[in-house]
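A structural walkthrough
Each chain is listed here by its residues.
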Amino acid sequence: MKIFLDTADLSEIRRAADAGLIDGVTTNPSLMAKSAGDADPKDHFLEICNTVDGPVSAEVVALEKDQMVSEGKRLAALHSNIVVKLPLTEDGLRACRALTAEGVKTNVTLCFSASQALLAAKAGATYVSPFVGRLDDISHHGMEVIGQIRQVYDNYGLETEILAASIRHPIHMVESMLQGADCGTLPPKVLYQLIQHPLTDKGLAAFMADWKKLGKEL
Ligand code: G3P
């Protein structure tokens, strides 16, 4: 299971990449608006690519196919790690097909159903991003969609990777793994929550206290 960091915050990306915790980064226009500041967005994407050794999803902001393709090509030309993120609309699927034909890697985003995911795979998407948290927000079972997509892709031998997105807490990550997602993208807070367990803290405190009684150094 690949772990991506869902942020455009360079200090968070640096910290997670230095610790060897992440396989890549995903961004979206909202995350860029929060972190890119005055920088040219393209420079910011490039900086992310130079910080993490893995795929970096950079989203187009055009809504019409030809403009999406032009933006996608400009983004892909920035760095070999760039994955062009496209919304799951008719134009987005057309752009996905066109960019795939040119060898550009794509991530079809804002996916909320297995039927949408089927179309993304048929358009040649490298990744599809089902948003589990946003489905939960409207009283649907986000995780069921991950399982359905896994089954559909396996039934028909579709190679698009399932990238569980909109993950809000560690259980989302665990369930995504159990449902067979290929990757999960996490906000920094959830990434560090994955490390934590109260029994780890309790056990470590006991080990340290016992060692102190021994009164020796290593
Ligand atoms: O990057 C897309 C996705 O992960 C957004 O998550 O929490 O805004 O629904 P969220």
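Residues numbered from 1 in each chain as written. Predicted model: local features only at pLDDT ≥ 70, side-chain atom pairs only at ≥ 80, totals over all residues. Heavy atoms only, no water.

So, on to the site of the ligand. Around the ligand, a shell composed of Asp6, Asn28, Lys85, Phe131, Arg134, Ala165, Ser166 and Arg168 is seen. Contacts to the ligand include Asp6, whose side-chain N or O atom sits 2.5 Å from an oxygen atom. Side-chain polar atom of Arg134 to an oxygen atom of the ligand: 2.6 Å apart, as the coordinates give it. In this structure the site holding the ligand corresponds to the largest pocket. Here the shell around the ligand is composed, by residue class, of 2 nonpolar, 2 polar and 4 charged. (Near = heavy atom within 4 Å. Polar contact = N/O pair within 3.5 Å; in protein donor to acceptor, adjacent residues only side chain to side chain. 1 Å grid on protein atoms, 1.4 Å probe; cavity = no way out; pocket = protein on both sides within 12 Å on 5 of 7 lines; lining within 4 Å. Sits in = over half its atoms within 2 Å of the grid points. Nonpolar A, V, L, I, M, F, W, Y, C, P; charged D, E, K, R; others polar.)

Inspection of the secondary structure puts Ser57 in strand β3 (residues 56-59). Residue classification places Ser57 among the buried residues on the basis of a relative accessible area of 3%. Sequence separation of Ser57 and Lys85 is 28 residues, and the distance between their C-alpha atoms is 5.8 Å. Dropping the residues within four chain positions of it, Ser57 is found in contact with Val25, Thr26, Thr27, Val83, Lys85 and Asn107. Polar side-chain contacts of Ser57 include one of 3.1 Å to the side chain of Asn107. (Helix = DSSP H or I, 4+ residues; strand = E, 2+ residues; numbered from the N terminus. Buried < 20%, exposed > 50% of the residue type's maximum accessible area, 1.4 Å probe, protein only. Contact = heavy atoms within 4.5 Å.)

Here the focus is the pairing of β3. Covered by surrounding structure in β3 are Val56 and Ala58 together with Ser57 and Glu59, the residues of both alternating faces. Sheet analysis places β3 next to strand β4 (residues 82-87), joined by 4 bridges and oriented parallel. Bridging from a neighbouring strand, Ser57 pairs with Val83 of β4. As for the winding sense of the linkage, the β-α-β connection from β3 through helix α4 (residues 65-76) to β4 is right-handed. (Pairing = 2+ DSSP bridges. Right-handed = clockwise from strand over helix to strand, strands pointing away.)

Bear in mind that shape data such as this cannot, by itself, settle questions of function.
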